[in-house]
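Summary of the model geometry
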Amino acid sequence: MSTHHQSKPTRAKSLRKGLHPRNLHNQGYDFPALIKSHPALVPHVKPNAHGELSIDFADPVAVKTLNAALLDRYYHIADWDIPEGALCPPIPGRADYIHFMADLLGIGPGPEQPSIKLLDIGTGANGIYPLLACQIYGWQCVGSDINTQSLENVATIIANNPALKDCFTLRTQPDKNHIFEGIIQPGEFFDVSVCNPPFHASLDEALKGNQLKRNNLARSRGDQQAKPKSPTLNFGGMGAELWCKGGEQLFLKKLIRESRVYSTQCRWFTSLVSKADNIKPAKKLIRKLGAVDVREIEMKQGNKITRVLAWTYL
C-alpha cells in the first residue's frame with residue numbers, strides 16, 4: 001500500500017487537482033511504488049519542506065529519472081532517455097493533452113484504436129505525445145521534427161520497445177519554413193495533429209526564462225534564490241524545441257496558415273498555447289481562414305493553467 005496516501009491524502013489530491021478524470025496521475029506521485037519498479041529513482045527522492053516524499057524539480061537528472069520511472073510503471077515504456085539539454089516534459093500534463101484529444105474526437109477508453117491517426121509536430125527528442133497516445137489508446141502516430149538528432153533518440157526508444165514499432169513512425173521535416181508540407185503525404189488523413197510550439201523568440205530569452213523558472217522552484221522549496229548555472233547545464237530544450245524566430249506567436253501564425261492548405265487531410269488541428277495573450281489573435285486568424293469550429297481547451301495542473309487551441313475546417 002502506498003504510504004504517501006496514508007500520511008496526507010488531502011495534499012496529494014490538491015496537488016493534482018484539475019487533471020483529466022482518466023489521468024493516471026490524479027493522486028500525485030506514489031514514490032514508494034515508483035522506487036520499487038524503478039530503483040534508479042532512489043537517490044533523487046527525499047522529504048520536502050512539508051515532510052512528503054518528492055524530488056528536486058530544478059534538477060534535470062532527477063526530473064528525467066522521474067519521467068523514466070513514470071513511463072515504465074504506468075505506460076510500459078522501458079529505457080526512456082533524452083540527451084542532455086533536451087526538453088524534459090512533465091508526464092501528467094502531457095498525458096492530459098492526449099486524454100483531451102480523445103474527448104475532442106469523441107472517444108473514451110476502450111479496446112485498442114489503431115484506426116485513429118495522430119500527427120505530432122515537433123516531437124522533439126522525447127517523443128512524448130505519440131508514446132503516450134500509442135500506449136494509452138493504441139493510436140497510429142507519426143512524429144515529425146527538423147532535428148535529426150532528436151529523431152535518432154526517439155528511434156532508439158522505439159527500438160527498445162518493440163510493441164511501439166507498429167504504431168509510431170518518425171518523419172524528418174527537411175524545410176524549417178514548413179510545418180505540414182513534406183510531412184503529410186498525398187492522400188493521407190489524420191484525425192488530430194498535436195503540437196507543443198517553441199515559446200521563446202531567442203536563445204537569450206529562453207535562458208532568462210529558464211533562470212526565472214529555477215528561481216520560482218527554489219522559492220517554493222524555501223530557498224531564497226537558485227544559484228545561476230551555466231546556461232547549458234539545466235537547459236531543457238535543444239534549440240528548436242524551446243525557441244524560434246518570432247517565438248510562439250509567429251510559430252502559431254505559421255501553423256494556422258499552413259493548416260488551411262491541409263484542411264481536408266486532418267480533422268482537428270491543435271496546439272498548446274503557453275502565452276495567454278496569443279490566444280485571441282490566433283483565434284481571429286483561424287476564423288478568418290474559414291474554420292468551422294474553434295475550441296479552447298483549458299488544462300489545469302495544480303494552479304497552473306495551460307490551453308490547447310483546436311480548430312477544424314471539416
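Structural notes, computed from the coordinates. (Residues numbered from 1 in each chain as written. Predicted model: local features only at pLDDT ≥ 70, side-chain atom pairs only at ≥ 80, totals over all residues. Heavy atoms only, no water.)

To continue, consider the overall build of the protein. Within the protein one finds 10 helices and nine strands. Taken over 314 residues, the protein has a buried fraction of 50%. Pairs at least 24 apart in sequence give 70% of the contacts found in the protein among residues at least 6 apart. When the accessible surface of the protein is split by element, carbon and sulfur atoms take 56% of a total near 15000 Å². (Helix = DSSP H or I, 4+ residues; strand = E, 2+ residues; numbered from the N terminus. Buried < 20%, exposed > 50% of the residue type's maximum accessible area, 1.4 Å probe, protein only. Contact = heavy atoms within 4.5 Å. Areas by Shrake-Rupley, 256 points an atom, 1.4 Å probe, with all protein chains shown as cover.)

Here we take up the pattern of salt bridges. Per the stated rule, a full pass over the model turns up eight salt bridges. Here R171 ties to E188 by a salt bridge, and the two come within 2.8 Å at their closest N and O atoms. Here the residue R171 occupies a position in strand 5 (residues 168–172), and E188 occupies one in the loop between strand 5 and strand 6 (190–195), the gap between them amounting to 17 residues. Considered together, R171 and E188 belong to a single accessibility category, that of buried residues. Among the charged side chains, a network of salt bridges with common partners joins K117, R171 and E188. (Salt bridge = Lys/Arg side-chain N within 4 Å of Asp/Glu carboxyl O.)

At their nearest, the axes of helix 5 (residues 91–104) and helix 6 (residues 128–137) sit 10 Å apart, and the two run at 60° to each other. Regarding the angle of helix 5 to helix 6, the classification is oblique. With respect to the hand of their crossing, helix 5 and helix 6 are arranged in right-handed fashion. Contacts between helix 5 and helix 6 involve I91, R94, A95, Y97, I98, H99 and A102 on the former and, on the latter, I128, Y129, L132, A133, I136 and Y137. For the contact of helix 5 with helix 6, the residue count by class is 11 nonpolar, one polar and one charged. (Axes fitted to C-alpha atoms, helices over the stretch in contact; angles between N-to-C directions. Parallel < 35°, antiparallel > 145°, perpendicular 65-115°, else oblique. Left-handed = near helix turned anticlockwise from the far one by under 90°. Nonpolar A, V, L, I, M, F, W, Y, C, P; charged D, E, K, R; others polar.)

Another aspect to go through is unusual backbone geometry. Backbone geometry at H76 places phi at a positive 55°, although glycine is not the residue there. Note on placement: H76 falls in the loop between helix 4 (60–75) and helix 5. A positive phi angle is found at D79, which is not glycine, with a value near 55°. Inspection of the secondary structure assignment puts D79 in the loop between helix 4 and helix 5.

Okay, helix 4 next. Under the 1.5 Å per step criterion, the end-to-end length of helix 4 is 21 Å for 16 residues, consistent within 8% with the ideal 22 Å. Packing partners of the buried residues in helix 4 comprise helix 3 (31–37), helix 5 and helix 6. The N-cap residue of helix 4 is D59: its side-chain oxygen and the backbone nitrogen of V61 are 3.0 Å apart. H76, located one to two residues past helix 4, shows a positive phi value of around 55°. (Expected span 1.5 Å × (residues − 1). Polar contact = N/O pair within 3.5 Å; in protein donor to acceptor, adjacent residues only side chain to side chain.)

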